[in-house]
Amino acid sequence: MGGTRFARAGTERKTRATDIVRSFREDLAISPSSLRHLRSGNVSLSQAVQASETPPNIERKKRIVRAESVHLSWDYQSNQETNMKEPKFSIRAIPDEISAAARNTRRSPQYGHPAHVELAGGTGPCRQCLCTFYVGKENRILFTYNPFDGLDPYPSPGPIFVHETPCATYSPRDKFPDTLRSLPLVFEGYGSDRWVTVREKVIDGAAEAVITRIFDQPEVEYIHVRHGEAGCFIAHINRA
Ligand SMILES: [Zn+2]
C-alpha cells in the first residue's frame, strides 16, 4: 500500500519536473546543448542563455529575469523531491503489557520461564524506553521474548532486558532513538514468511540512511533492530 503511494508520488514528481524543463526551454528559447551544460553545472544560467540563439521577439533582459524565476522553481522542485525521499517510519518498543507482566510476575510473559533480576553489567538497552543502562547503577530484568508474536507463527525467542522499575515507553514517530546510536546495531529487513531479505550493520549511529535503503526495497515489510554483538532483538520498525 505504501509502495503504491510512493510510486504515485514519484510519477507526479516526474511529471512536474518534465513540465518545468519544457517551460524552461520554451520560455528561454534555450538550446538543448546549453540546457545540458546548465544541468551538469558546467555553465552558469546567464552563460547558458547567452550561448543560445536569441529570438528576435524577446528582449534578452526579460529572458534572463524569467530564466532566474524558472531556475529557482526548478531548484525548489528538486529540493522537494529530496525531502519527499526522507524515510517515514515508526519505532516500536516491546508492548507495555509484556514489560509490566515481567515486572509483576518475574517470569517471561510469553514462555513462563523465570526472569532474572540483576544489577546492570552491560549497557543493554532497555527494550521499553530504549535507553542504555547505567552499568553498576540500575537494576534490570532479563527474560525470554519472542519478537515475532503476532507477526508470524515461527518464533525466535531470545533474551531481552527491561528496567526493573517502570519506565516510559519510547514513542516518538519518525525519529530513531539517539540513545541507541552508541551501540553496534544490525538492521534486518523481513519480507513475507519473515525471511530476512536484507541485513545491514550500523556502527556509526547513522541509522536513518540504512532504514531508507532497506525500506526502498519493496519486498521488505518491516525491520528488526538487533544488537550487533549479542545478536538479541532491540526494536521493531514499521513504515509509517
Ligand atoms: Zn527502560
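Residues numbered from 1 in each chain as written. Predicted model: local features only at pLDDT ≥ 70, side-chain atom pairs only at ≥ 80, totals over all residues.

## Concerning the overall build of the protein
- For the protein, the count of helices and strands is 6 helices and 8 strands.
- Reading the protein from its N end, one meets helices and strands in the order α-α-α-α-β-α-β-β-β-β-β-α-β-β.
- Taken across its 240 residues, the protein has 22% of its residues classed as buried.
- For the protein, the share of sequence-separated contacts (at least 6 apart) that also reach a separation of at least 24 residues comes to 58%. (Helix = DSSP H or I, 4+ residues; strand = E, 2+ residues; numbered from the N terminus. Buried ≥ 20, exposed ≤ 12 C-beta atoms within 10 Å, placed from the backbone. Contact = placed C-beta atoms within 7 Å.)

## Observations regarding the sheet that holds strand β8 (residues 233-239)
- Across the sheet, 5 strands lie side by side as β1-β8-β7-β5-β6; this open sheet has antiparallel pairing. Looking at the sheet topology across the chains shown, the edges are occupied by β1 (89-92) and β6 (196-202). Between one strand and the next, the sheet's axes are offset by a mean angle of 25°, whatever the strand orientation.
- Across 6 bridges, the pairing between strand β5 (residues 185-190) and strand β7 (residues 222-227) is antiparallel. Looking across to β7, one finds that Tyr190 is bridged to Tyr222. (Pairing = 2+ DSSP bridges. Axes fitted to C-alpha atoms, helices over the stretch in contact; angles between N-to-C directions.)

## As for the environment of Gly122
- Mapped onto the fold, Gly122 is located in the loop between β2 (116-119) and β3 (139-145).
- Residue class for Gly122 comes out partly exposed when judged on the 14 C-beta atoms lying within 10 Å of it.
- When near neighbours in sequence (up to four residues on either side) are disregarded, Gly122 contacts Phe133 and Val135.

## Structural notes on the confidence of the model for the protein
- Considering every residue of the protein, the mean pLDDT works out to 78; 64% of them sit at 70 or more.
- Long-range and interchain partners of residues 1-28, a stretch whose pLDDT sits below 50, account for 22 contacts in this model, where long-range means more than four residues apart.
- The model gives residues 53-58 a pLDDT under 50, and that stretch makes 6 contacts with residues more than four places away or in other chains. (pLDDT = per-residue confidence, 0-100.)

## Observations concerning unusual backbone geometry
- Pro125 follows Gly124 through a cis peptide bond whose omega is 15°.
- Tracing the sequence through the fold places Pro125 in the loop between β2 and β3.
- Within the chain, Arg106 stands out as a residue other than glycine whose phi angle is a positive 60°.
- Within the secondary structure, Arg106 sits in the loop between α5 (96-105) and β2.

## Structural notes on the nonpolar core
- With 32 residues, the main nonpolar core has Leu130, Phe187, Ile211, Val225, Ala235 and Ile237 as its most contacted residues.
- Looking at this core, the elements that each hand over two or more residues are β1, α5, β3, β4 (158-163), β5, α6 (207-215), β7 and β8. (Core = buried A, V, L, I, M, F, W, Y, C linked by C-beta atoms within 7 Å.)

## Some words on α6
- Among all positions of α6, only Ala207, Val210, Ile211, Ile214 and Phe215 are buried. With its buried residues spanning 125° around the axis, α6 presents them on a single face. (Arc of directions from axis to C-beta.)

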